[in-house]
Amino acid sequence: MAPSFLSVAKFIEALLRRRFSSAGLSLQTLSIDSETTIQFWGPPPSSTSENTQKPSLLLLHGFGPSAVWQWSHQVKPLSRFFQLYVPDLVFFGGSSSSGENRSEMFQALCMGKLMEKLEVERFSVIGTSYGGFVAYNMAKMFPEKVEKVVLASSGVNMRRSDNEAFIARAKCHGIKEVMLPASATDLRRTSGMVSSKRLDYVPDFVLNDFCQKMYSEKREEKAELLEGLSIGKDDKTNVSPIQQDVMLIWGEQDQVFPLKMAHDLKEMLGSKTTLKIIQKTSHIPQMEKSKEFNGIVMSFLLPTSPSL
């Protein structure tokens, strides 16, 4: 592993943080109750009236590195039209809890408390992958607050057989090997599953540095989050229609939640759901084809879609 002063991962994260700052967001920490603290990027407390008149939008990241790594291609264009809130989910980045609950419903409750503490009365939500599990549950828990929902690459209809098929595709013994890589070899496998770009020619010391920076903290708690998921435990799904309009955005070549799951989920969620497929992308279309992803989001969330 490279010395900390030579860390490529730390250098890149510093650049990503500057993207968030240049989008008018500030890094803040808030205790939402006696057990849980959430770190988030949001409007500075001294926001202008122009900013507060924008519709509010909550961005929920997937299982992996913190929010700055997963939404860096969205914050600048979306901040022109939305008041953005971009938290680290509990046990990711700077968010933590002394409580014992590890379910996606707990994450949804925490995000709801965050928005309540921030006095955001109405908002839309975008969740990618694991963040989509949280977004879907927020829509169910807070129907009076959540306006529209975007689920990106998020198989909330996952069954046990889907989980087993994913492990077989990844050629590993369990989900933790993919979701919590601990070495360069592990990270190459994870990248091969979530992205259409491969890391074959990236040196081991660089990948080990990324593992240390992005996956070493709170590993035990993150493993418990995987164990605590309510979905994927059996071959039944608990998906039912929600009252909000829903946009599903999926990568054509998604290997985590294959495209068939998107079509099935659309049927389960009902007539208020639309599916958009982004060609030649895998599990992270918001990074692989960010302009197309952002355009779909804009056209769905805004009355008239602006040019990006």
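Note that the coordinates shown come from a computational prediction; the quantities given were computed from them, not determined experimentally. (Residues numbered from 1 in each chain as written. Predicted model: local features only at pLDDT ≥ 70, side-chain atom pairs only at ≥ 80, totals over all residues. Heavy atoms only, no water.)

Colleague: Any chance you could explain the environment of leucine 225 here in plain terms?
Modeller: Summarising the element assignment, leucine 225 is placed in helix H11 (residues 219-228). In contact with leucine 225, not counting residues within four places along its chain, are Phe63, Val90, Phe91, Phe92, Arg102, Gln107 and Tyr130. (Helix = DSSP H or I, 4+ residues; strand = E, 2+ residues; numbered from the N terminus. Contact = heavy atoms within 4.5 Å.)

Colleague: Teacher, can you tell me more about the layout of surface pockets here?
Modeller: One simple way to see leftover space: roll a probe sized like a water molecule over the atoms. Reported here for the largest pocket is a volume of approximately 1300 Å³. With five residues, the single largest contributor to the lining of the largest pocket is helix H10 (residues 204-215). (1 Å grid on protein atoms, 1.4 Å probe; cavity = no way out; pocket = protein on both sides within 12 Å on 5 of 7 lines; lining within 4 Å. Points joined across faces, edges and corners; volume = space filled by probe spheres on them.)

Colleague: For this particular structure, what's the right way to read H10?
Modeller: Every α-helix carries 3.6 residues per turn, so stepping three or four residues along brings you back to the same face. With twelve residues, H10 should cover 16 Å at 1.5 Å per step; its first-to-last C-alpha distance of 16 Å lies within 8% of that length. When we look at burial in H10, the residues that qualify are Val206, Leu207, Asp209, Phe210, Cys211, Met214 and Tyr215. Among the structural elements, helix H1 (8-22), helix H3 (67-70), helix H8 (175-179), helix H9 (184-194) and H11 are those in contact with the buried residues of H10. (Expected span 1.5 Å × (residues − 1). Buried < 20%, exposed > 50% of the residue type's maximum accessible area, 1.4 Å probe, protein only.)

Colleague: For this particular structure, what's the right way to read helix H12 (residues 259-269)?
Modeller: What H12 keeps buried is the set Met261, Ala262, Leu265 and Leu269. One side of H12 carries all its buried residues, which in axial view fall inside an arc of 100°. Summarising the geometry of H12, the exposed residues directed more than 90 degrees from the buried face are Lys260 and Glu267. Turning to H12, the residues buried within the fold contact helix H6 (130-141), strand S7 (146-152), helix H7 (160-170), strand S8 (245-251) and strand S9 (273-278). (Arc of directions from axis to C-beta.)

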